[in-house]
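Residues per chain are reported as follows:
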Amino acid sequence: MSEISRKPPHESAGIEVRHICKRFGSLAAVDDISFEVKPGEIFGLLGPNGAGKSTLIRILTTLIDPTSGTATVAGHDIVQAPYAVREAIGVIPQNMTSDPDLTCEENLTIHARLYGMSGARRKTLARQLLESVNLGKWGKAYARTLSGGMRRRLEIARGLIHQPRILFLDEPTTGLDPVSRMSVWEMISHLRDQQGLTLFLTTHYMDEADRLCDRLAIVDRGKIVVLNSPAALKTTVPGASVLETQLAPDLPGGAAELETLPGVHRVQKQGEAIYRIFSDHGPNAAEALMELARRSGIEIKTLSIQSTTLDDVFLHFTGRGLHEADAVPARGGMGRTAPF
Amino acid sequence: MNRALAIIERDLRKFFRSPTLLIVTLVLPLVQLVVLGNAFGGNIRNVKLGVVTLDRGPETVPLLRKLDAIAANARTFVPIAYSGQGRAMAALKAGRLGAVLIIPPHYSRNLLLKLNPRVGLIVDNTDRSLSGAVEAAFNNIAQQMNQPFQPARVADLEPPYVRIATVELYPYIPYMQYLLPGSVTLALFVTAMIGGGIVFIDDKSRGLHEGYLVTPITKFELVSGFVASGVVKAIASGLTVLILGGIISGIQDLFNPLRLLFLLLMTVVGALALISMMFLLMARVSDPLVPRAIFGVLNTLLFFPSGAVYPIEGFPPWMRVLARVDPFTYAVHGYRALLLKQVALAPIGRDLLVLCVTTALMLAGASWAFKRSL
Ligand SMILES: Nc1ncnc2c1ncn2[C@@H]1O[C@H](COP(=O)(O)OP(=O)(O)O)[C@@H](O)[C@H]1O
Ligand SMILES: [Mg+2]
């Protein structure tokens, strides 16, 4: 994408959110949220379906008005100066909004026209952008013939057509296969690294948030639960490293006996003689476990040490796993169904 | 304003690329034109008329001759002689005859004695068009026969009678031609309904409009873009039905350049009125079922009261009110004037004015109702 000249990262390419609330009847979809996004960072909202992520993105991209609170995007108030905000941002909504019955190139040039761009400029920019999202050969193909990942990349190109300073992506990889997800991730990192864009994205995949975001707000039921860098978030959970082990036969004392090991905070029994052991230091706990097994004449069939995941962080702060929390009836936002 | 062109470009590329929508908008009006045009309005012919003559006198001869004259020329009915009243009536009740004429005994004698004899005409009135045509033919005969009796020998002294001679202002108009203005208006309406209603709401519910709303396009540009692309589509299918329908129904001198120019004007104005009406109706709708559900109702409510298929003068008062507020009425009237009468601006001036005012009001309402947000 380096061949596209872009405005230098602007001082005001950040986002400030102050006490934003959005109510739908009695439901507080977004409930007093405040945070700041610095220019040039990748900021993520991680939360289960129905947490209010799309609603917040719609407020920040001027699609709906907040019930209360204020926010500035690229230095412009979202309610007072929505047109200035719209000029400065690119948006890739959760549902595909590119037109399946138009070619990739037409999707881009028509979108460019919505920004009042001249004809010749529209064409060259569209070609360059398609090239940069690896769709250079697909300019004349109808958007409906693209795979999910290619379609998403087309939408990203479309969101970039007017050279915005901030890009909003609502669940950019939901519904994509693993390979397509990787290609979208690469593109997002690339945009920040090479172009200095500010990126604001939402996701309900913890691995995605972990891998992409510089800072992350975990949201649940319209509120920010905790906000920090993924690494810092993981260290806030007591028992930051996890041992998974299968014993044969089972310990007579079970999980309670394992909890007496030094540095161990908590033990989850996962199945017949299978345990998850949360400790401060994985290798020490592993040594203690092997010592215990030797003393008790028990064989350790498997043993793995993992660091905490954001899932554990979510569990720690909300008392529920990220995917149990999806139990909130997930309406594809605004009551529409996702096209895939 | 440049931004509105983005919406127009998108809609028109799609419209002219896939002919489905265009074809769909042409099928209903053309099928209606051909089927309704031939189903209604034909002259009633060949009704089977049972004739029972119970009088053998000389005066039955001119009467029967008049029947034969009608049978040979207008061919409204085919006389079939029956020997008895009972058998003729049985055939009428069985549906084998459409009417029975009974010339009573002593008809000739009573006529000569000026006793005003009565001839019986029994009609099967379950079909009013049919019985009406037969009755009209007989009223005609009776009128001729009731002219003052003139002895044959003074026939050359015949005084000048006043007769009503109907002058038809325009050449005889087949029903298909009468229907054509309605079909063209219907084409405009169907395009407005499908392109401006169904496809519009489908795009909206698929989230395509979200892609517009995050850009700096203004509400005015959005509305004018949607309306303008709708109008271009409606004009395309309206003109197609006009030309195809004009050829099928045999409109005379269809390709007169001035006529085509006025027809184009009428089409632009009619399309504007119907599209902006549709846009007003759809401004707040987001459920894709709504435009589908109201399609049929709206079609019936606008098309039939407009005078497209039957003269407004024949409607009950409440429906005449409906006709007055129906934009269809003015489009149909304007097209009819241009297609069947003379090519001139004066007869369609009022129609154009009403449609322009309608457009202005509907557009103002639509812009007010349209929300530039989700
Ligand atoms: N237009 C709306 N009207 C009523 N409720 C809504 C509307 N949009 C979203 N909601 C509700 O607000 C909550 C948050 O939705 P959303 O922001 O789409 O969540 P997420 O994007 O995190 O999955 C959900 O309970 C959803 O049903
Ligand atoms: Mg969402």
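Keep in mind that what you see is a predicted model, and the values were worked out from it rather than measured. (Residues numbered from 1 in each chain as written. Chains lettered and ligands numbered in written order. Predicted model: local features only at pLDDT ≥ 70, side-chain atom pairs only at ≥ 80, totals over all residues. Heavy atoms only, no water.)

Enquirer: Can you walk me through the interface of chain B and chain A in this structure?
Expert: Reports often express the size of an interface as the amount of accessible area lost when the parts come together. Counting residues at the interface gives 28 residues for chain B, matched by 30 residues for chain A. Regarding the contact of chain B and chain A, the summed buried area is about 2600 Å², with carbon and sulfur atoms giving 57% of it. Per-residue buried area on chain B facing chain A is highest for B:Val214, B:Pro216 and B:Leu374; these three make up 24% of the total on that side. Taken together, the links from chain B to chain A amount to eight salt bridges. Across the salt bridge formed by A:Glu106 and B:Arg13, the nearest N and O atoms sit 3.1 Å from each other. Inspection of the chain B/chain A interface yields ten residue pairs in polar contact (both at pLDDT 80 or more). Elements with a minimum of two residues in the side of chain B that touches chain A: α1 (4-17), α7 (175-205) and α8 (208-213) of chain B. (Contact = heavy atoms within 4.5 Å. Buried area = accessible area lost by both parts, 1.4 Å probe. Salt bridge = Lys/Arg side-chain N within 4 Å of Asp/Glu carboxyl O. Polar contact = N/O pair within 3.5 Å; in protein donor to acceptor, adjacent residues only side chain to side chain. Helix = DSSP H or I, 4+ residues; strand = E, 2+ residues; numbered from the N terminus.)

Enquirer: I tried to follow the side chain of B:Thr76 on my own but got confused; where do I start?
Expert: Residue and element names in this part refer to chain B. Relative to the elements of secondary structure, Thr-76 occurs in the loop between α3 (60-72) and β2 (77-82). On the basis of relative accessible area, Thr-76 is assigned to the buried category, the value being 10%. Those residues in contact with Thr-76, other than ones at most four positions away along the chain, are Ile-44, Arg-45, Asn-46, Val-47, Ile-70, Ala-133 and Ala-137. (Buried < 20%, exposed > 50% of the residue type's maximum accessible area, 1.4 Å probe, protein only.)

Enquirer: Would you explain the packing of aromatic side chains in this entry?
Expert: Two measures describe an aromatic ring pair: the distance that separates the ring centres and the angle between the ring planes. Residues and elements named next belong to chain B. All chains considered together, the criterion is met by 17 aromatic pairs over all chains. A centroid spacing of 5.4 Å and a plane angle of 20° characterise the contact between Phe-77 and Phe-138, whose relative ring orientation is stacked. Of this pair, Phe-77 sits in strand β2 while Phe-138 sits in helix α6 (residues 128-145), placing them 61 residues apart in sequence. Phe-77 sits in the buried class, given a relative accessible area of 1%. Residue class for Phe-138 comes out buried when judged on its relative accessible area of 12%. (Phe/Tyr/Trp six-rings, centres within 6.5 Å; stacked < 30°, edge-to-face > 60°.)

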